[in-house]
Amino acid sequence: MSGHSHRTPDGFAAQAREALGDRTLTQAMRRVTDLFAERRAAALETVPDWQELRQQARAIKLHTLARLDHYLAQFAGAAAKNGAIVHWAEDAAAACRIVGELAQVHRATRLVKSKSMATEEIHLNAALAAAGTEPVETDLGEWIIQLAGEMPSHIIVPAIHKTRQQISELFVDKLGVAPSDEPTVLAAEARERLRQHFAEADMGISGVNFGVAETGTILVLENEGNARMTTTLPKVHVAVMGIEKVIPRFADLEVFLRLLPRSGTGQHLTSYQSLLTGPDVGVPGRAGQGPRELHLVLLDNGRANIAVDETMRETLACIRCGACLNACPVYQSVGGHAYGAVYPGPIGAILTPQLQGMHQAAALPFASSLCGACKDVCPVQIDIPSLLLELRKRAVEGEAPGAAPAKRAAFEALTWKLWAWFVRSPGRYRFAAAMARLGDKLPLVKRLLPPMRAWASSRALPRLAKRPFRAGHKDGGS
Ligand code: SF4
């Protein structure tokens, strides 16, 4: 189980404060997110038609999401025709049950798994561990956090919060190896151990980046070769795919393959792209080139409800590149664990309340300064700030009057009403300005008044001008 399982989406404020007090974490986050942002910017320069590509990707995704049932049926039909066995999972429990039963039926006790956010979302490892068959994570970053008993803190770089020194200490502690913070030594150690797991595995579990409706093909992107091994070496492959990952045509992949790696890691292309169209059906001369069984678990878990919500639907256009996390000043400062959910950062702030319900995650849409950096970098142009505002509105409207977002909204509404009352009359305005100047001279006021206190606890309040503009204007600008 995660060592951070006590964290919750609604605990964001306290968790963020705790993260800000961890200097090692904040420095590591800043360094790595800056590096990814630089690499992304350099990679973009090689694509003159970047904006057109974004528009194309957005159009494909929005078109598909508006006809999701049609494309899913087409995908499932084509996949079945290729020999894959398709399962529909309404929620996390159903998906875990399906994978667990497959392991049982195949007497699979040695499971390997490649990185997949969908399986993180449904807490598959914990469910399988409870049945005595926890899979071994084979992506290096995922393996590190599995050893550490933590949750990923980034959707494509799960161990982004860990320094080399911390990873070395973890390896010494869990694997009993000699200390070294040399990346090549650490990677060699991991490779040695993971190879053994691949050789022995009865079942491989992966996620899916895109599912092509036209051909029933799934695409898995990665850089380490571990997903290729997970999906081809064991005799059974189980792929868990969120239903929003479907795209209509094989040719659409070209658009996404140009956008996703550049946005995520600044690569022109990931090192491996595994296109899987059905299992190895024993064609003479081609036998042994893949798993004998391919199971596709199509996961809803709240997605169908988002798809029918026309305002929020574009949340599902996300291709999980992670660019919005790297660009977000909040994520850069507090890291992923502060969000208390599997999906952190800007995309997590809109996705988590919709997947888990506003009653559990109403704090997350407020965990943003609405600066818009996420929207600027998103390869599918998701308007995250507008969606955050919509969720804030829903949080306030749907909350009990005493709940935190509702109280905050009521306070804001009162503040604006008071402001409007003061500025509508010159006399009242002068009085308010005189009071503000008096308060400015008394630092205690700033520290005692509740709204001022909250503001001044982490920021320097701007000083008011000694003389009001009106006075100078009256004196002829002196
Ligand atoms: S919302 Fe956009 S930028 Fe963020 S992870 Fe998804 S696709 Fe990438």
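Enquirer: How do you make sense of the site of the ligand when you look at a structure like this?
Expert: Around the ligand, 14 residues are found, and the nearest of them are Cys318, Cys321, Cys324, Ile347 and Cys378. Grouping the amino acids of the shell around the ligand by side-chain chemistry returns 11 nonpolar, two polar and one charged.

Enquirer: What is the right way to look at the domain arrangement of the protein in this model?
Expert: Think of interface size as the accessible area that goes away when the parts come together; that is how it is often given. Here the domain parsing of the protein yields domain 1 (47-305) and domain 2 (425-474). On a C-alpha basis, the centres of domain 1 and domain 2 stand 56 Å from each other.

Enquirer: How should the packing of helix H3 (residues 50-66) against helix H12 (residues 252-264) be read in this particular structure?
Expert: Any two packed helices are characterised by the angle at which their axes cross and by the distance between the axes. Relative orientation of the contacting elements H3 and H12 amounts to 125°, with a least axis distance of 10 Å. In terms of their interaxial angle, H3 and H12 are classed as oblique. Read as a crossing pair, H3 and H12 show a hand that is left-handed. Two secondary-structure elements touch here, H3 through Leu53, Arg54, Gln56, Ala57 and Ile60 and H12 through Asp252, Val255, Phe256, Arg258 and Leu259.

Enquirer: Hey, could you run me through the nonpolar core in this one?
Expert: Most often, soluble globular proteins have nonpolar side chains that are buried together. With 114 residues, the main nonpolar core has Met241, Val297, Leu299 and Cys324 as its most contacted residues. When near neighbours in sequence (up to four residues on either side) are disregarded, Cys324 contacts Gly345, Pro346, Ile347, Cys374, Val377, Cys378 and Ile384.

Enquirer: So what exactly am I meant to see when it comes to the sheet that holds strand S5 (residues 210-212) here?
Expert: In a beta sheet, neighbouring strands are held together by backbone hydrogen bonds and run either parallel or antiparallel to one another. Read across the sheet, four strands follow the order S8-S5-S6-S9 without closing on themselves; strand pairing throughout is mixed. One side of each edge strand has no neighbouring strand; the edge strands of this open sheet are strand S8 (246-247) and strand S9 (272-276). Inspection of the sheet shows S5 paired to S8 by two bridges, in the parallel sense. In the sheet register, Gly211 faces S8, and the bridge partner there is Val246.

Enquirer: I would appreciate a short explanation of helix H10 (residues 183-200) in the present structure.
Expert: Helix length check: H10 (18 residues) gives 26 Å between terminal C-alpha atoms against 26 Å at 1.5 Å per residue, within 8%. If you check which residues of H10 are buried, you get Ala190, Leu194 and His197. End-on view of H10: buried residues confined to an arc of 40°, all on one side of the axis. H10 presents Thr184, Ala188, Glu192, Arg195, Gln196 and Ala199 as exposed residues on the side facing more than 90 degrees away from its buried surface.

Enquirer: Hey, could you run me through the packing of helix H16 (residues 345-356) against helix H19 (residues 384-398) in this one?
Expert: At a minimum axis distance of 10 Å, the contact between H16 and H19 shows a crossing angle of 35°. At the point where H16 passes H19, the crossing takes the left-handed sense. Within the contact between the two elements, H16 uses Pro346, Ala349, Ile350 and Pro353 and H19 uses Ile384, Leu387, Leu388 and Leu391. Each residue belonging to the contact of H16 with H19 can be placed in one class, and the counts come to eight nonpolar, no polar and no charged.

Enquirer: Can you help me understand the sheet that holds strand S4 (residues 203-206) in this one?
Expert: The strand order S1-S10-S7-S4-S2-S3 describes an open sheet built from six strands, whose pairing is parallel. Unpaired on one side and paired on the other, strand S1 (85-89) and strand S3 (136-137) mark the two borders of the sheet. Lying over the sheet, helix H5 (residues 92-105) contacts S1, strand S2 (111-113), S4, strand S7 (236-242) and strand S10 (293-299), oriented at roughly 165° with respect to S10.

Enquirer: What should I look at first to understand unusual backbone geometry in this one?
Expert: What is expected of a backbone is that most residues other than glycine have negative phi and most peptide bonds are trans. With a phi close to 50°, Arg107 is a non-glycine residue in the positive phi region. Take Arg107: it is sitting in the loop between H5 and S2. Note on Arg107: 8 C-beta atoms within 10 Å, which makes it exposed. Phi angles above zero are rare outside glycine, and Arg320 is one such case at about 55°. Among the secondary structure elements, Arg320 is positioned in the loop between helix H13 (303-307) and helix H14 (323-327). A count of 19 C-beta atoms within 10 Å places Arg320 in the partly exposed class.

Parameters at a glance
- Residues numbered from 1 in each chain as written.
- Predicted model: local features only at pLDDT ≥ 70, side-chain atom pairs only at ≥ 80, totals over all residues.
- Near = placed C-beta within 6 Å.
- Nonpolar A, V, L, I, M, F, W, Y, C, P; charged D, E, K, R; others polar.
- Domains from an automatic or database assignment.
- Axes fitted to C-alpha atoms, helices over the stretch in contact; angles between N-to-C directions.
- Helix = DSSP H or I, 4+ residues; strand = E, 2+ residues; numbered from the N terminus.
- Parallel < 35°, antiparallel > 145°, perpendicular 65-115°, else oblique.
- Left-handed = near helix turned anticlockwise from the far one by under 90°.
- Contact = placed C-beta atoms within 7 Å.
- Core = buried A, V, L, I, M, F, W, Y, C linked by C-beta atoms within 7 Å.
- Buried ≥ 20, exposed ≤ 12 C-beta atoms within 10 Å, placed from the backbone.
- Pairing = 2+ DSSP bridges.
- Expected span 1.5 Å × (residues − 1).
- Arc of directions from axis to C-beta.

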